[in-house]
Amino acid sequence: MTFLMVASAGNFYQDVDINWGDQRAKILNAGQDLTLSLDKFSGSGFQSKNEFLFGRFDMQLKLVPGNSAGTVTTFYLSSQETQHDEIDFEFLGNVSGQPYTVHTNVYSQGNGNKEQQFRLWFDPSTSFHTYSVVWNTKRIIFLVDNIPIRVFTNNEAIGVPYPKSQPMRVYCSLWNADEWATQGGRIKTDWTKAPFIASYRNFNANGCVSGASSQSSCATKTGDPLNNESWQTQTLNASDRNRLRWVQQKYMIYNYCTDVQRFPQGLSPECKRSRF
Ligand SMILES: *[C@@H]1O[C@H](CO)[C@@H](O)[C@H](O)[C@H]1NC(C)=O
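The rules behind each value
Residues numbered from 1 in each chain as written. Predicted model: local features only at pLDDT ≥ 70, side-chain atom pairs only at ≥ 80, totals over all residues. Heavy atoms only, no water. Phe/Tyr/Trp six-rings, centres within 6.5 Å; stacked < 30°, edge-to-face > 60°. Helix = DSSP H or I, 4+ residues; strand = E, 2+ residues; numbered from the N terminus. Buried < 20%, exposed > 50% of the residue type's maximum accessible area, 1.4 Å probe, protein only. Near = heavy atom within 4 Å. Polar contact = N/O pair within 3.5 Å; in protein donor to acceptor, adjacent residues only side chain to side chain. Areas by Shrake-Rupley, 256 points an atom, 1.4 Å probe, with all protein chains shown as cover. Nonpolar A, V, L, I, M, F, W, Y, C, P; charged D, E, K, R; others polar. UniProt positions renumbered as here; feature names shortened; annotations may be inferred. Contact = heavy atoms within 4.5 Å. Pairing = 2+ DSSP bridges. Lys, Arg positive; Asp, Glu negative; His and termini not counted. Salt bridge = Lys/Arg side-chain N within 4 Å of Asp/Glu carboxyl O. Core = buried A, V, L, I, M, F, W, Y, C linked by side-chain atoms within 4.5 Å. Axes fitted to C-alpha atoms, helices over the stretch in contact; angles between N-to-C directions. Expected span 1.5 Å × (residues − 1). Arc of directions from axis to C-beta.

Peer 1: Pulling in residues and values, what's your account of the packing of aromatic side chains?
Peer 2: Per the stated rule, a full pass over the model turns up 17 aromatic pairs. Geometrically, the ring pair formed by Phe12 and Phe46 is edge-to-face, given 5.8 Å between the ring centres and 75 degrees between the ring planes. Taken together, the positions of Phe12 in helix H1 (residues 12–15) and Phe46 in strand E5 (residues 44–48) put the pair 34 residues apart, joining distant regions of the chain. Just as Phe12 is buried, Phe46 falls in that class too. Measuring from centroid to centroid gives 4.9 Å for Phe54 and Trp135, while their planes differ by 55 degrees, and the two rings are tilted. On the criterion of sequence distance, the pair formed by Phe54 in strand E6 (residues 52–62) and Trp135 in strand E11 (residues 129–135) is long-range, its members being 81 residues apart.

Peer 1: Run through the site of the ligand, naming residues and quoting values.
Peer 2: Taken together, the residues surrounding the ligand are Leu92, Gly93, Asn94, Gln98, Pro99, Thr101, Arg119, Ala181, Thr182 and Gln183. At a separation of 2.5 Å, an oxygen atom of the ligand approaches a polar side-chain atom of Asn94. A distance of 2.7 Å separates an oxygen atom of the ligand from a polar atom in the backbone of Gln183. Burial of the ligand by the protein amounts to 71% of the accessible area it has alone, namely 350 Å². Residues that form the shell around the ligand fall into these classes: 3 nonpolar, 6 polar and 1 charged.

Peer 1: How would you explain the UniProt feature "active site" (unreviewed entry) in the protein if you had to name every residue and give the values?
Peer 2: The positions UniProt marks with the feature "active site" (unreviewed entry) are Glu86 and Glu90. Along the polypeptide, Glu86 turns up in strand E8 (residues 86–92). At 2.7 Å, the side chain of Glu86 forms a polar contact with the side chain of His84. Mapped onto the elements, Glu90 comes out in strand E8. In this structure Glu90 comes out as buried when scored by relative accessible area, which is 14%. Excluding anything up to four places from it in sequence, Glu90 contacts Val72, Thr73, Thr74, Thr101, Val102, His103 and Trp180.

Peer 1: Please set out the pairing of strand E14 (residues 169–176) residue by residue, giving values where relevant.
Peer 2: Of all 8 residues in E14, 6 are buried; the element is thus mostly enclosed. Pairing of E5 with E14 involves 4 bridges; the strand directions are antiparallel. In the sheet register, Ser44 faces E14, and the bridge partner there is Leu174.

Peer 1: Can you break down the side chain of Asp33 residue by residue, with the values?
Peer 2: With respect to the helices, strands and loops of the structure, Asp33 is situated in strand E4 (residues 33–38). Arg201 is the oppositely charged side chain nearest to the buried, salt-bridge-free Asp33, at an N-O distance of 4.5 Å. For Asp33, the side chain forms a polar contact with the side chain of Asn29, separated by 2.5 Å.

Peer 1: Break down the nonpolar core for me, with residues and values.
Peer 2: Of all hydrophobic cores here, the largest spans 62 residues; its most connected members are Phe89, Trp135 and Tyr200. Element by element, the count of residues in this core is highest for strand E15 (residues 196–211), at 7 residues.

Peer 1: If you had to explain the sheet that holds strand E9 (residues 101–107) to someone new, which residues and values would you point to?
Peer 2: Spatially, E2-E5-E14-E7-E8-E9-E10-E16 is the arrangement adopted by the 8 strands of the open sheet, whose pairing is antiparallel. The outermost strands of the open sheet, each flanked by one partner alone, are strand E2 (16–20) and strand E16 (252–255). Within the sheet, the average angular offset between the axes of one strand and its neighbour, ignoring direction, is 15 degrees. Two elements, strand E7 (residues 71–78) and E14, share 8 bridges in a ladder whose sense is antiparallel. Looking across to E14, one finds that Leu77 is bridged to Val170.

Peer 1: An account of the pattern of salt bridges is requested, with residue identities and associated values reported.
Peer 2: As enumerated under the stated definition, the model contains 8 salt bridges in all. Among the ionic pairs, Arg56 bridges to Asp58, the shortest N-O distance being 3.0 Å. Between Glu115 and Arg262 there is a salt bridge, with the nearest N and O atoms lying 2.9 Å from each other. Taken together, the positions of Glu115 in the loop between E9 and strand E10 (116–118) and Arg262 in the loop between E16 and helix H3 (270–273) put the pair 147 residues apart, joining distant regions of the chain.

Peer 1: Tell me about helix H2 (residues 238–250), and name the residues and values.
Peer 2: Here H2 is 13 residues long and its end C-alpha atoms lie 18 Å apart, about the 18 Å a rise of 1.5 Å per residue gives. Listed as buried for H2 are Asp240, Leu244, Val247 and Gln248. Looking down the long axis of H2, one finds its buried residues gathered within 95 degrees of arc, a one-sided arrangement. Exposed residues lying more than 90 degrees from the buried face of H2 are Gln249 and Lys250. Turning to H2, the residues buried within the fold contact E10, strand E13 (147–153) and E16. At the N-terminal end of H2, a side-chain oxygen is found 3.1 Å from the backbone nitrogen of Ser239, two or three residues along, and the residue is Asn237.

Given below as structure tokens:
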């Protein structure tokens, strides 16, 4: 398999396929905007045309407004193998006036159990905000409006599997998960408010694309001014670390690394290494 570095400048017609929900997913404004909707019969979703092995992925989202209880809006990367890798951003809706939960997770070779959940410092349903995943050989960084909220470090050296060999596609969806999503499943989706709508904009993928090209390096420059290769070595500087600490102290509501009740046999080894 060979990889070619590409930068895509955000046209949904060029970059994605609608893979679920038929006309519930709509590409609008000459490819600039995409909306997903959910009704009693189905949700909807789309996937990137390209598969990537490492990269930086940005998406702007405006989540379901008002009573979004029971709904889950997603932006994630996933491979297709059975022992699959996955990097997740999921937004769990709530009743009007109550906060969304941002759920993050990383799967390596079929194993997840790396959840961290956050509140946001703004209402994600009133305007677009940028959610990003940086995925390189050393770490995975989750960002919200360019503020790092989570870093998942490659800890293969201490036996923690890390996603690094299965190409992944970007997937987005809006679906009903009222058996578990909101307040532990106690609050159900109010179908009188359907259709529920989430909006997507400015999808940017800078990464190594899996394909039949003869170019064998993902470090190939395309000459595109949008092509920012710094994701390959991206790490946190002092101010990023301060902002990460701020988010983790004030907005993190769940961390698998502190859940001793759930993991009575012991926390995963990376939990001892990092405060994050
Ligand atoms: C919804 O709001 C309640 C009350 O503020 C909160 O406990 C819960 O975590 C929120 N999010 C979800 C997804 O239930």
